[in-house]
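Chain by chain, the residues:
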Amino acid sequence: MRITLDLEPNSEPSRSQTPKDEVEWVPLPKHPLFTATAGGGSAATGAGNLLAWDGASRLYFWDSNNNFLHRLSLRLGDPDPISVFAASPSKVLQADVSPTFDVQKISINRNGTAMLLSGSERLSVMYLYGRTSKKDVNLICRTITVGSQAYSTGSNDIRVLKALWHPYSDTHLGILSSDSVFRLFNLAVDPLQPEQEYYLQPVEPGRSRNASSVCPVDFSFGGDHLWDRFSVLILFSNGDIYVICPVVPFGSLFKCESLLEIYNDAHTFGLTSANSVAASNSKLAISWFEATFPELQNQETEGDNLSMLRAQAYALFDASLVLQGPLRRVGQGRNEDSVSRSAECEGRAISFLYNLVSKDSILVTAWSGGQLQIDALADEIQPVWSIGSPPRLRVDSHDQILGLAMICESIASSCPEKLDHNAWSGNPPPLLRLAVVDLALPKRAESSYNISLFIDTLMPERIYSLHDGGIDSIVLHFLPFTSQTNGKDDTMRTPSVHPVLNTCQSGCTSEPSLCGFVSLSDSFGYSWIVAVTLSQECVVLEMETWNLLLPVSIEMEKKLIQSEGESKERDIPTIISKELLSGPKEVLVPRASPSLRSVAADSIEGRSTLHQYFRLFHETYVEYAHKVHMELKHHAPQLKRIINGQYSRIGDAQQKLLKVEEKQSILQKRIDCAIQMHDSLEERLQQLRNLPCAHKKPLSTAERQFKSELDHFKEVELDALHSSVDALSARLRRHAQASKSSHQQQKISGKKICAGDDQLSMLKSSLEKLSLVNTENSKKVKVVESTLRNKERSSRESSLPIL
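Bear in mind the structure is a predicted one, so any value in this text is a computation, not a measurement.

Bringing the packing of helix H2 (residues 256-271) against helix H3 (residues 276-292) into the picture now. Close contact between H2 and H3 brings their axes to 9 Å; oriented N to C, the two are set at 155°. Accordingly, the angle class assigned to the pair H2 and H3 is roughly antiparallel. As for the relative orientation of H2 and H3, their crossing is left-handed in sense. Of the residues in H3, those touching H2 at Leu259, Ile262, Tyr263, Ala266, His267, Gly270 and Leu271 are Ala278, Ala279, Ser282, Lys283, Ile286, Phe289 and Glu290. For the contact of H2 with H3, a count of residues per class yields 9 nonpolar, 3 polar and 2 charged.

This next bit is on H2. Between its terminal C-alpha atoms H2 stretches 22 Å, which fits the 22 Å expected from 16 residues at 1.5 Å a residue. Taken as a whole, H2 has its buried residues at Cys256, Ser258, Leu259, Ile262, Tyr263, Ala266 and Gly270. The buried residues of H2 occupy an angular sector of 165° when the element is viewed end-on, so they sit on one face.

With respect to the element layout, Ser273 can be found in the loop between H2 and H3. According to the relative accessible area criterion, Ser273 is partly exposed, its value standing at 25%. Taking the C-alpha atoms as reference, Ser273 lies 8.7 Å from Trp424; in sequence the two are 151 residues apart. With near-sequence residues (within four places) excluded, Ser273 lies in contact with Ala278 and Ala279.

Taking strand neighbours across the sheet as the criterion, the 3 strands line up as E18-E19-E20 in an open arrangement whose pairing is antiparallel. The strands lining the two open edges of the sheet, one partner per strand, are strand E18 (216-221) and strand E20 (241-244). If you compare each strand with its neighbour and ignore which way they point, the axes differ by 25° on average.

Turning our eyes to something else, we now look at the sheet that holds strand E14 (residues 160-165). Spatial strand order, E14-E15-E16-E17-E29-E28: 6 strands in an open sheet with mixed pairing. Either end of the sheet is taken by a strand with one partner, and the two such strands are E14 and strand E28 (392-395). Strand-to-strand twist in this sheet, taken as the mean axis angle between neighbours without regard to direction, amounts to 10°. Here E14 runs beside strand E15 (residues 172-177); their pairing, made up of 5 bridges, is antiparallel. Paired with Val160 across the strands is Ser177, a residue of E15.

Of note, the bond from Cys245 into Pro246 is cis; its omega dihedral lies within 30 degrees of zero at 5°. On the secondary structure map, Pro246 appears in the loop between E20 and strand E21 (253-255). Across the junction of Gly325 and Pro326, the peptide omega takes the value 0°, indicating a cis bond. Locating Pro326 in the fold gives a position in the loop between strand E23 (319-321) and helix H5 (338-341). One non-glycine residue, Leu226, lies in positive phi territory at about 45°. With respect to the helices and strands, Leu226 occurs in the loop between E18 and strand E19 (232-236). On the basis of relative accessibility, which here comes to 16%, the residue Leu226 falls in the buried class.

Attention now goes to the side chain of Ser521. In this fold, Ser521 is placed in strand E35 (residues 514-521). At a separation of 3.0 Å, a polar atom in the side chain of Ser521 contacts the side chain of Thr457. Aside from chain neighbours lying at most four places away, what touches Ser521 is Trp53, Leu76, Thr457, Leu458, Tyr526, Ser527 and Trp528.

Core analysis: the largest hydrophobic core is formed by 61 residues, its most contacted members being Tyr198, Trp227, Phe230, Ile244, Phe289, Phe293 and Leu363. It is H3 that contributes the most residues to this core, 6 residues altogether. Apart from residues no more than four positions distant in its own chain, Tyr198 is found in contact with Ser180, Val181, Phe182, Ile244, Val247, Leu321, Leu404, Met406 and Cys408. Judged by nonpolar contacts, the second largest core, of 38 residues, contains Phe34, Leu76, Cys515 and Val518.

Two aromatic rings, taken as a pair, are described by how far apart their centres are and by the angle between their planes. For the coordinates displayed, the defined rule picks out 22 aromatic pairs. Ring geometry for Phe182 and Phe221: centres 6.2 Å apart, planes at 70°, overall edge-to-face. Of this pair, Phe182 sits in strand E16 (residues 181-186) while Phe221 is found in strand E18, placing the two residues 39 residues apart along the sequence. Among the residues examined, Phe182 registers a relative accessible area of 0% and is labelled buried. Residue class for Phe221 comes out buried when judged on its relative accessible area of 7%. Both rings, one in Phe254 and one in Phe293, keep their centres 5.8 Å apart while their planes meet at 90°; by these two values the pair is edge-to-face. Of this pair, Phe254 sits in strand E21 while Phe293 sits in the loop between H3 and helix H4 (295-301), placing them 39 residues apart in sequence. Judged on exposure class, the residue Phe254 and its partner Phe293 are both buried. A network of ring pairs unites the aromatic residues Tyr168, Trp227, Phe230, Phe254, Tyr263, Trp288, Phe289, Phe293 and Trp424 as a single cluster. Positioned above the aromatic ring of Trp25 is the side chain of Arg75, whose terminal nitrogen or guanidinium carbon lies 4.5 Å from the ring centre.

Looking now at the confidence of the model for the protein chain. Reading predicted coordinates in detail is not appropriate for stretches of low pLDDT. Across the protein chain, the average pLDDT comes to 79, with 77% of residues at 70 or higher. In the predicted structure, residues 1-20 sits below a pLDDT of 50 and forms 37 contacts with residues beyond four places in sequence or in another chain. In the model, residues 37-43 has pLDDT below 50 throughout and makes 16 contacts with residues more than four positions away in sequence or in other chains.

Its 17 residues place the ends of H3 24 Å apart at the C-alpha level, agreeing with the 24 Å of an ideal helix rising 1.5 Å per residue. Listing the buried residues of H3 in full gives Ala278, Asn281, Ser282, Leu284, Ala285, Ile286, Trp288, Phe289 and Thr292. Here H3 starts with a cap whose side-chain oxygen sits 3.2 Å from the backbone nitrogen of Val277, and that cap is Asn275.

Looking now at the pattern of salt bridges. In this structure the tally under the stated criterion is 10 salt bridges. In this structure, the salt-bridge partner of Asp224 is Arg229, at a minimum N-O distance of 2.2 Å. Salt bridges linked by common partners bring Asp179, Arg183, Glu197 and Arg731 together as one network.

Within the secondary structure, Asp96 sits in the loop between strand E7 (91-95) and strand E8 (105-108). The class of Asp96 is partly exposed, set by a relative accessible area of 38%. Each C-alpha atom of the pair Asp96 and Thr143 lies 6.2 Å from the other, and the pair is 47 residues apart in sequence. When neighbours within four sequence positions are excluded, Asp96 is seen to be in contact with Ile140, Cys141, Arg142 and Thr143. One polar contact links the side chain of Asp96 to the main-chain amide nitrogen of Thr143, over a distance of 3.0 Å.

Okay, a nonpolar patch on the surface next. Judged by side-chain polarity, Ile643, Tyr647 and Ile650 come together as a nonpolar surface patch covering roughly 330 Å² of accessible area. Looking at the secondary structure, you find Ile643 in helix H10 (residues 636-689). With a relative accessible area of 45%, Ile643 lands in the partly exposed category.

Considering the arrangement of structural elements, one finds Lys91 in strand E7. For Lys91, a relative accessible area of 28% corresponds to the partly exposed category. Separated by 23 residues in the primary sequence, Lys91 and Phe68 place their C-alpha atoms 10.0 Å from one another.

All right, on to the pairing of strand E9 (residues 114-118) then. Successive residues of a regular strand alternate their side chains across the two faces of the sheet. Summarising burial for E9: 5 of the 5 residues are buried, a large majority. Neither face of E9 is open: one carries Ala114, Leu116 and Ser118, the other Met115 and Leu117, and all of them are buried. As defined by bridge partners, E8 adjoins E9 across 4 bridges and the pair is classed as antiparallel. Looking at E9, one finds that Ser107 is bridged to Leu116. The antiparallel pairing of E8 with E9 creates a hairpin that spans 5 residues between the two strands, and Gly112 there sits at a positive phi of about 75°. When E9 meets strand E10 (residues 123-127), the two strands line up antiparallel, connected through 5 bridges. By the bridge assignment, Met115 is partnered in E10 with Met126.

The rules behind these values
- Every chain begins its residue count from 1, and numbering advances along the sequence as written.
- At least 70 in pLDDT is required for a residue's local features to be given in this predicted model, at least 80 for side-chain atom pairs to be given and counted, and no such filter applies to totals for whole chains, interfaces and linings, which use all residues.
- As a rule here, side-chain values cover all heavy atoms of the structure and leave hydrogens and water aside.
- The convention used is that axes are lines fitted to C-alpha atoms, helices contributing only their stretch in contact, and that angles between N-to-C directions extend from 0 to 180 degrees.
- Helix and strand labels come from DSSP, where a helix needs a run of H or I of at least four residues and a strand needs a run of E of at least two; each type is numbered from the N terminus.
- These descriptions rest on fixed angle ranges, namely under 35 degrees for roughly parallel, over 145 for roughly antiparallel, 65 to 115 for roughly perpendicular, and the rest for oblique.
- A clockwise turn of the near helix away from the far one marks a right-handed crossing, whereas an anticlockwise turn of less than a right angle marks a left-handed crossing.
- Whether two residues are in contact is decided by their heavy atoms, any of which lying within 4.5 Å being enough.
- Polar here means any residue other than Ala, Val, Leu, Ile, Met, Phe, Trp, Tyr, Cys and Pro, which are nonpolar, and Asp, Glu, Lys and Arg, which are charged; Gly is therefore polar.
- Each residue after the first adds 1.5 Å to the expected span of a helix.
- Exposed residues in this analysis have more than 50% of their type's maximum accessible area, buried residues have under 20%, and partly exposed residues fall in between, with area computed by a 1.4 Å probe over protein chains only.
- Of all possible arcs, the one meant is that of the directions from the helix axis to the C-beta atoms.
- Two strands qualify as a pair provided that DSSP identifies no fewer than 2 bridges between them.
- In the analysis that follows, any N or O atom pair within 3.5 Å is treated as a polar contact, provided that within protein one partner can donate a hydrogen and the other can accept it, and provided that, for residues neighboring in sequence, both atoms belong to side chains.
- What is meant by a nonpolar core is a set of buried Ala, Val, Leu, Ile, Met, Phe, Trp, Tyr and Cys residues, joined one to another through side-chain atoms within 4.5 Å.
- Geometry of aromatic contacts follows a simple scheme: Phe, Tyr and Trp rings, the Trp one being its six-membered ring, pair when their centres are within 6.5 Å, and the pair is stacked under 30 degrees between planes, edge-to-face over 60, tilted otherwise.
- Here, a charge over a ring is recorded when the distance from Lys NZ or Arg CZ to the ring centre is within 6 Å and its angle to the ring normal is within 35 degrees.
- Confidence of the predictor in every single residue is expressed as pLDDT, which spans 0 to 100.
- Whenever a carboxyl oxygen of Asp or Glu lies within 4 Å of a side-chain nitrogen of Lys or Arg, that contact is scored as a salt bridge.
- A residue counts toward a patch only above 30% relative accessible area and without a salt bridge, and it is joined to like-charged neighbours within 9 Å or, for Val, Leu, Ile, Met, Phe, Trp and Tyr, to nonpolar neighbours within 5 Å.
- Accessible surface is estimated by sampling points in the Shrake-Rupley manner with a 1.4 Å probe; for residues, cover comes only from the protein chains shown.

Written out as structure tokens, the structure reads:
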């Protein structure tokens, strides 16, 4: 990765579409919007994300100081392949009705025409194509409020937990609130009244009511895979994940090819099943499918070539959707509680991410203790209805459905170990645990971390985690279904975690330091991340994408090949060849005959024999000496360079030794100080060991289990009870106001109609029960605290010496 903070533009400034203003292209970090002096203060006061990208060439940033939306035109990889340039000055978009709440997050819809401004209590949608202001060059954009009748108006009764644009609609918005209701709004029809409402009841009949199980924290829409595209996955504070399927926005568009795949799958594996439950579930799914997409049957019979199909408003009149879950791991029993399942993670679940990678549906859960829990769906999501629980419909004069509301309850289901016989049986899909990633964040005594999860726009195998300490990159190397489809027999590799940006100062993460994050990519395979600090400074990092997912075996083979080649090169001498080092060849002197001894040296035979001997010795020794002389003469400069290099290395070594000798005295002083500090700490430790509190007995197994239950109650249960009491109080006040207004209208008209006293009494009784439960829990906590104090006091008294 490279930091592109110091890039300089190489191209000439160009002109924008409006010829009045001249545009200058500057590196994005050096843009006047992202300078320390331009912000005039902090960009935001809390954690959030004030950056958004339309997926093409426009970056949006919300200025919390002025309540403006800045639009920047980007040039990715131009002129430098790794550079990101932005047009200066930026275009300012101003809402016609300025938001009266603190904007914590912005997100853009699919076609880039509307921007969602999210707060903890209110939501607004800003349409990005407006009119030019008469006073300045700002664009005045039409802004509407979403769900003002359903959510609180400042009393902090019902909070907005998460709001997302639907991936298959440009006008539908999904909102999860603290009253355990998921709502789907159609902004093109009515932004105040929801189109669909799903009241979540995750507690199974006959099981104990746990306050944490009715406290949702986050949700995500499914991806483009079979029934996942019609699914909503919801995370609760104890880590349980539930699924609602099918949920389809009215009038949304879907690919006909994908719908035919799901339709044929229901006929093939559902209707032909010998299991009556599977056949009934598939029959309901087929009837819903044919009513929601009526053109689908014409595609098969008449052979129409429609590429997209529009979803019609439809709901089964005598059945409501089942809240499928909680999703269990493969091999996990149904009776295992949430405390033991979340023992490997600390705190409570705070955020959730659905990621589709090829054939695998990945679920990532972030915990407040700084851990990420990564799971994969081991089976397909399928729709399940509960017969006998009719929904409430809102229709027009022509009996066309305008809206619906239903209660989604969780039903008891078996957890089969064999996944092959689980098709259309009504059981939620099991989870395959891939890894638990610990981000190694500094421990906090009282507060927890806020962790946000993002997907890389270019490489879906990479996930970014944004937290108070900075940004981390998690790359998934093992995907079960994708590896099986590609024919790879890969072993299960753990994800690799790399810190991308560290904002901790001296290891302290007291407050969030980033207010914006977005992932950019271009068509040439380059990827960047953009982060904005609270002081409105911008950081751009180029992320590595090539060769990031290569298996380790290839790299090891390359290293082995390189090491073998290097060893061979080292074995080859570079000064004298092996032939010269082995010496001259052995001279084979021919055997002399007995008659040769009597021959004189000056005779003809003697001269020829001597001449033959001289020729053999010359070829062997003289030529060998000549080769040695020439090779030594040839290698003399090389030997000289080697000797000079050795002398220079000796000089460097001597200089380093002198520096070490100079620092030796300083190191000796530091060692002496460390020894003294160690001795003083040893004395203090010995004194502390002599204190009476040091002789306390360790907690027993039952006491540790009771302490863990108290900690879990403190972290999760009390917050959930408070939120439930607040939500019921808000409903009670609204119901009282509605009953009061209806009573006044009845007095004016002269009609005496009995109001909903039964519902009011039920709400009052439930509120009283909750207050009693809260009072009893407080008393129990006080009793436990007093017992612990008495035990500590008795242990101290027993440890004191007897005078």
